[in-house]
Amino acid sequence: MKILNFGSLNYDYTYQVSHMVCSGETLASTQLKTHCGGKGLNQSIALARAGIKVYHAGMVGEDGQQLVDACSREGIDVGYIRRVEGKSGHAIIQVNPKGENCILLYGGANRKNSEEQIDDVLERFEAGDMILLQNEINLVDVLIEKAFRKGMKIILNPSPFEEQLMGYELKKVHTFLINETEGKQMSGEENPEQMLWRIHQRYPDSEIVLTLGEKGVCHCNRDGKVISVPAFQVKAVDTTAAGDTFTGYYLAGVCKGNDRREALRTACGASALAVMKKGAAMSIPVMEEVKRFLEKG
Ligand code: RIB
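Scoring rules and cut-offs
- Within any chain, residue numbers begin from 1 and follow the written order of that chain's sequence.
- Given that this is a predicted model, residues contribute local features only at a pLDDT of at least 70 and side-chain atom pairs are listed and counted only at 80 or more, while totals for whole chains, interfaces and linings are drawn from all residues.
- Water and hydrogen atoms were dropped before computing side-chain values, which therefore reflect all heavy atoms in the structure.
- As defined here, a cavity is a set of points on a 1 Å grid over the protein atoms alone where a 1.4 Å probe fits but cannot get out. A pocket is an open set with protein on both sides within 12 Å along at least five of seven lines, and residues line them when an atom is within 4 Å of a point.
- Grid points are joined across faces, edges and corners, and a volume is the space filled by probe spheres set on the points.
- Per the convention used, a helix needs a DSSP run of H or I reaching at least four residues, while a strand needs a run of E reaching at least two, with both numbered from the N terminus.
- Each residue is assigned to one of three groups, with Ala, Val, Leu, Ile, Met, Phe, Trp, Tyr, Cys and Pro labelled nonpolar, Asp, Glu, Lys and Arg labelled charged, and all others, Gly among them, labelled polar.
- Aromatic pairs are defined between Phe, Tyr and Trp rings, using the six-membered ring for Trp, whenever the two ring centres lie within 6.5 Å; interplanar angles under 30 degrees are classed as stacked, those over 60 as edge-to-face, and all others as tilted.
- The buried label goes to any residue with under 20% of its type's maximum accessible area, the exposed label to any with over 50%, and the partly exposed label to all in between, with areas taken from a 1.4 Å probe on protein chains only.
- Residues are treated as being in contact if the distance between any of their heavy atoms lies within 4.5 Å.
- Residues enter a nonpolar core if they are buried and are Ala, Val, Leu, Ile, Met, Phe, Trp, Tyr or Cys, with the set joined through side-chain atoms within 4.5 Å.
- We call a residue near a molecule or strand whenever a single non-hydrogen atom of that residue lies within 4 Å of it.
- Here a polar contact is taken to be a pair of N or O atoms separated by no more than 3.5 Å, where protein atoms must pair a possible hydrogen donor with a possible acceptor and residues adjacent in sequence count only if both atoms sit in side chains.
- Note on areas: Shrake-Rupley with a 1.4 Å probe; residue coverage comes only from the protein chains shown.
- To define axes, lines are fitted to C-alpha atoms, for helices over the stretch in contact only, and angles between the resulting N-to-C directions are given on a 0 to 180 degree scale.
- The labels follow the angle: roughly parallel below 35 degrees, roughly antiparallel above 145, roughly perpendicular from 65 to 115, and oblique for the rest.
- The term disulfide is used for any two cysteine sulfur atoms that are within 2.5 Å.
- Paired strands are those between which DSSP finds at least two bridges.

Caption draft 1: Structural context of empty space enclosed by the protein. This structure, assessed with the given rule, holds 1 cavity of 30 Å³ or more. Reported here for the largest cavity is a volume of approximately 40 Å³. Around the largest cavity, the lining residues are Met130, Ile155, His174, Thr175, Glu207, Tyr250, Leu251, Val254 and Arg260. Examining the composition of the lining of the largest cavity, we find that 3 residues originate from one element, helix 7 (residues 242–255), more than from any other. Tallied by class, the residues present in the lining of the largest cavity amount to 5 nonpolar, 2 polar and 2 charged.

Caption draft 2: Just the packing of aromatic side chains, in detail. Applying the stated criterion to the full structure yields 6 aromatic pairs. Relative to Phe293, the ring of Phe232 has its centre 5.1 Å away and its plane inclined at 65 degrees; by these criteria the two rings are edge-to-face. A residue pair is termed long-range when its members are at least 10 positions apart, and Phe232 in the loop between strand 13 (226–229) and helix 7 and Phe293 in helix 9 (residues 287–296) qualify at 61 residues. Summarising the aromatic geometry, the rings of Phe246 and Tyr250 are spaced 6.2 Å apart at their centres and angled 5 degrees between planes, so their arrangement reads as stacked.

Caption draft 3: Representation of the side chain of Thr245. Checked against the element boundaries, Thr245 lands in helix 7. When its relative accessible area of 0% is taken as the criterion, Thr245 is described as buried. Apart from the residues within four sequence positions on either side, Thr245 is in contact with Ala46, Ala270, Ser271, Ala274, Ile284 and Pro285.

Caption draft 4: Up close: the nonpolar core. Counting residues in each nonpolar core, the largest one holds 47 residues, and the members touching the most others are Leu41, Leu47, Phe246, Tyr249, Tyr250 and Leu264. Those elements giving two or more residues to this core turn out to be helix 1 (39–49), helix 2 (65–72), strand 8 (130–133), strand 13, helix 7, helix 8 (260–275) and helix 9. For this core, the leading source of residues is helix 8, giving 7 residues. In contact with Leu47, other than residues within four places in its own chain, are Ile3, Ile52, Val54, Leu132, Gly248, Leu251 and Ala252.

Caption draft 5: Examining the site of the ligand more closely. Neighbouring residues of the ligand: 14 residues in total, closest Asp12, Gly38, Lys39, Glu136 and Asp244. Contact between the ligand and Asn10: an oxygen atom at 3.0 Å from a side-chain N or O atom of the residue. At 2.8 Å from an oxygen atom of the ligand is found a side-chain nitrogen or oxygen belonging to Lys39. Coverage of the ligand by the protein amounts to 96% of the 280 Å² it exposes when considered alone. For the shell around the ligand, the elements supplying multiple residues, two or more each, are strand 2 (10–16), helix 1 and strand 7 (101–106). Residue classes in the shell around the ligand are distributed as 5 nonpolar, 5 polar and 4 charged.

Caption draft 6: Structural context of the packing of helix 8 against helix 9. Contact geometry for helix 8 and helix 9: axes closest at 9 Å, N-to-C directions at 105 degrees. Relative to helix 9, the element helix 8 is oriented roughly perpendicular. Packed against helix 8, whose contacting residues are Arg265, Thr266, Gly269, Ala270, Ala272 and Leu273, the element helix 9 presents Met287, Glu289, Val290, Phe293 and Leu294 at the interface. Taken together, the residues that form the contact of helix 8 with helix 9 break down as 7 nonpolar, 2 polar and 2 charged.

Caption draft 7: How the structure looks around the state of the cysteines. This model, assessed by the stated rule, comprises 0 disulfides. Note on Cys268: no disulfide assigned, nearest cysteine sulfur contributed by Cys218 at a separation of 10.0 Å.

Caption draft 8: Broad picture of the sheet that holds strand 12 (residues 217–220). Ordered by their spatial adjacency, 9 strands build an open sheet running 5-4-1-8-9-10-11-12-13, and the pairing between neighbours is mixed. This sheet does not close on itself; its edge strands, each paired only once, are strand 5 (77–83) and strand 13. Recorded for the sheet is a direction-independent mean angle of 15 degrees between the axes of neighbouring strands. One ladder, built from 5 bridges, connects strand 4 (residues 55–60) with strand 5; its direction is parallel. Residue pairing for strand 5: Met59 is matched across the bridge by Arg82. The strands touched by helix 4 (residues 140–150) are strand 1 (3–6), strand 8 and strand 9 (153–156); relative to strand 8, the strand with the most contacts, the crossing angle is about 170 degrees. Each of strand 10 (175–179) and strand 11 (207–211) is contacted by helix 5 (residues 180–187), which is oriented at about 115 degrees to strand 10, the strand it contacts most.

See below:
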């Protein structure tokens, strides 16, 4: 089974701030760091660092060589990343002293995917292969439709959430990976149990993984059976890419044939390590670090 991640690649401009800037306010930041990121790129790196071969497809602009190189260095297959005119995507990220972030996105090349390119890439994959999608690129609905027709397993991290996602053929999704905010937006419920139940009722053929930050993670299978795994309590310095780390490590566990509980625990360990480091892709741990962390328990 091959894994294709059709997703975004961004340059991240991360500003350290005393608090998130408010409407009408001008705020001096205390530090700026520029790195490679994007939910797509981060999730490919997490899969690669967890020991999985991943094919990344997407678009970068004329300035995108560093993004491609960042993937290549990890052993990710970059043969399906195309270059288009204009700028690559970027993100302006504020991080406050609690390690919380808020992100402003510029889609750039990430919004220039075409049906022709999708057909060209999907032609190289077959039934049973997995496709991982986030919501930072255009044509997510087309990708769901075409990948489903091919018999690929669709894994969707609907992040960042937009209402228009609910109009897509989400019944075709094999697994949703969502956080609490996305869970609320998808279900209209406040309580995690109710969220899972509503989403399960609406998409009974899908598995649902709901991450709840410090409260851990829940998994609901197609029979509606729920398992919960607690989070590791660590001091966060930067939560950017924690969700991406979780997604990559969870899928890696599933691909290796681990049972769901073990895959969830490993992914929780990996994302706990990620929040203890600054940055996005650079904060994603390698499998050896995760194993050592899990052994300590
Ligand atoms: O999930 C973190 C990512 O979100 C950042 O790397 C940034 O690029 C935004 O896409």
